[in-house]
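# Geometric and topological summary
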Amino acid sequence: MLIKLTDGNGCSRNNTKWEVGKIVSVPLEQRCNSLCGPGILHVYEGAVELTLMLQPLHVTYANYRAFEVSGEIVKRDGQLKAGGHKFKVLREIVIPTIT
């Protein structure tokens, strides 16, 4: 599973809007393969629970949302963090309350 974390408004870096059913992509002339660069879209691979545990380390949004996405991975950082240039937003994931 690929998961995208956004702020409470469904936006990520540079106010990129993520909405169910939409395709989010980086323009061809801006694409890069560096996970730390602005020309790539960051996602997480694996279980939702693990992604949510890592959220405080990678995402600074106080209120955040999670989406399941599909697309081609062009770069990976270990087993979890990944990036690509084009993703389709499949569904919003309900974030469980941790007690």
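Residues numbered from 1 in each chain as written. Predicted model: local features only at pLDDT ≥ 70, side-chain atom pairs only at ≥ 80, totals over all residues. Heavy atoms only, no water.

## A word on the confidence of the model for the chain
- In this model, the chain carries an average pLDDT of 88, and 95% of its residues clear a pLDDT of 70 or more.
- Confidence scores differ between elements of the chain, with helix α1 (residues 48-58) showing the lowest mean pLDDT of 72 and strand β4 (residues 23-25) the highest of 98. (pLDDT = per-residue confidence, 0-100. Helix = DSSP H or I, 4+ residues; strand = E, 2+ residues; numbered from the N terminus.)

## A short note on the pattern of salt bridges
- Scanning the model with the defined rule gives three salt bridges in all.
- A salt bridge links Glu92 to Arg65, with the shortest nitrogen-to-oxygen separation between them at 2.8 Å. Of this pair, Glu92 sits in strand β9 (residues 86-93) while Arg65 sits in strand β6 (residues 64-71); the two residues are 27 residues apart in sequence, bridging distant segments of the chain.
- In this structure Glu92 comes out as partly exposed when scored by relative accessible area, which is 36%.
- Look at Arg65 and you get partly exposed, because its relative accessible area is 23%. (Salt bridge = Lys/Arg side-chain N within 4 Å of Asp/Glu carboxyl O. Buried < 20%, exposed > 50% of the residue type's maximum accessible area, 1.4 Å probe, protein only.)

## A closer look at the pairing of strand β5 (residues 41-45)
- Burial of β5 is extensive: four of the five residues sit out of reach of the surface.
- The pairing of strand β1 (residues 2-7) with β5 spans two bridges and is antiparallel. Pairing of Leu2 across the sheet is with Glu45, part of β5. (Pairing = 2+ DSSP bridges.)

## Points about the environment of Asp77
- Structurally, Asp77 can be placed in strand β7 (residues 75-77).
- Residue classification places Asp77 among the partly exposed positions, given a relative accessible area of 48%.

## With respect to the sheet that holds β6
- With respect to topology, seven strands assemble into an open sheet ordered β4-β9-β6-β1-β5-β8-β7, the strand pairing being antiparallel. The outermost strands of the open sheet, each flanked by one partner alone, are β4 and β7. Averaged over all adjacent pairs, the angle separating strand axes in this sheet is 40°, with direction ignored.
- By the bridge criterion, three bridges tie β4 to β9 in an arrangement that is antiparallel. Residue pairing across strands places Ser25 opposite Lys86, the latter belonging to β9. (Axes fitted to C-alpha atoms, helices over the stretch in contact; angles between N-to-C directions.)

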